[in-house]
Amino acid sequence: MAAADMGADFIGIVLAPARRQVPTHKARRIISDAKRMRPSVGTKPLVVGIFVNAPVDPINEVAEYCGLDWVQLSGGEPLEQCKGIERPIIKAVHVMADTPPEELLPELSRTLEEIHSLGYMPLLDSAVRGHYGGTGQSFNWQVAQELASKYPLILSGGLTPANVDRAAKMVQPWGVDVSSGVEVDGSKDVDKMRAFVQAVRETEGSSRTDEDKASFGR
């Protein structure tokens, strides 16, 4: 509710087995409440359900039951498998932090080209063994900057209220995504959330056009 009231464009709800997993009955209630409220700033956010290596039919069933607007696939799902999903898709791409950009960029460019050809939105996140997001680890933003000059993308991984303005100005992404960067002791902190959204909006005002603003920030 706080994220919606602050003017976040998207709210992500983890529906995959993980520390942050939300049961589907609770997710449905959260989404229903979020869609009924009137935010103090901006418009009502779209809700993204986050899945990891789940079959297509259960994803569609959960999306319908919960009232999801988008689906985020954060595992190693083959892109062919994604075609049966009945919601707009964000596809996570995990970037190795310790690999030189010149080695990463050719393969990542091909991956993002394919993702966009299918009408999906890529999300760049750090690759951390055994995890599919929410690690608080960042990767080389120069890689993201190069890719964002060619493809709209969402930047994730290690973003905080203190660094999101610098990351956004450097990379110029379509959107930014945060989880652990606005937590205290593993739980979301309203003050950190507010500081993050404020930093994003201030960056928008100084470096983005009006056309871009609606889809920047998460």
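About the thresholds
Residues numbered from 1 in each chain as written. Predicted model: local features only at pLDDT ≥ 70, side-chain atom pairs only at ≥ 80, totals over all residues. Heavy atoms only, no water. Pairing = 2+ DSSP bridges. Helix = DSSP H or I, 4+ residues; strand = E, 2+ residues; numbered from the N terminus. Core = buried A, V, L, I, M, F, W, Y, C linked by side-chain atoms within 4.5 Å. Buried < 20%, exposed > 50% of the residue type's maximum accessible area, 1.4 Å probe, protein only. Contact = heavy atoms within 4.5 Å. Salt bridge = Lys/Arg side-chain N within 4 Å of Asp/Glu carboxyl O.

### Describing the sheet that holds strand S6 (residues 154-155)
Consideration 1: Pairing is parallel in the open sheet, where seven strands are placed in the order S1-S2-S3-S4-S5-S6-S7. Across the chains shown, the open sheet's two edge strands, defined by having one partner strand only, are strand S1 (10-14) and strand S7 (175-176).
Consideration 2: Of the strand pairs in this sheet, strand S5 (residues 121-126) and S6 are connected by two bridges, and their pairing is parallel. Following the sheet pairing, leucine 123 is matched in S6 by isoleucine 154.

### Details of the nonpolar core
Consideration 1: With 56 residues, the main nonpolar core has Phe51, Leu68, Leu124 and Leu155 as its most contacted residues.
Consideration 2: Other than its neighbours up to four places away in sequence, leucine 124 contacts Val93, Val95, Leu112, Phe139, Ala144, Leu147, Leu153, Ile154, Leu155 and Ser156.
Consideration 3: Residues Phe10, Ile90, Leu123 and Ile154 belong to the second largest nonpolar core, which totals eight residues.

### Things to note about the environment of histidine 25
Consideration 1: Note on placement: histidine 25 falls in helix H2 (residues 24-36).
Consideration 2: The partly exposed category is assigned to histidine 25, whose relative accessible area is 48%.

### Brief notes about unusual backbone geometry
Consideration 1: Its identity is not glycine, yet asparagine 53 carries a phi of approximately 55°, on the positive side.
Consideration 2: With respect to the helices and strands, asparagine 53 occurs in the loop between strand S2 (46-51) and helix H3 (56-66).
Consideration 3: For asparagine 53, a relative accessible area of 41% puts it in the partly exposed group.

### Side note on the pattern of salt bridges
Where side chains of opposite charge bring their charged atoms close, a pairing between them can arise.
Consideration 1: Taken as a whole and judged by the stated rule, the model has 11 salt bridges.
Consideration 2: Among the salt bridges present, the one from arginine 36 reaches aspartate 33, with a minimum N-O distance of 2.6 Å. Pair noted here: arginine 36 and aspartate 33 are both in helix H2, with a separation of three residues, about one helical turn.
Consideration 3: A relative accessible area of 57% places arginine 36 in the exposed class.
Consideration 4: Accessibility expressed as a relative area gives 29% for aspartate 33, which makes it partly exposed.
Consideration 5: In this structure, aspartate 191 engages arginine 194 in a salt bridge whose closest nitrogen and oxygen atoms are separated by 3.4 Å. Taken together, the positions of aspartate 191 and arginine 194, both in helix H8 (residues 190-207) and three residues apart, correspond to about one turn of that helix.

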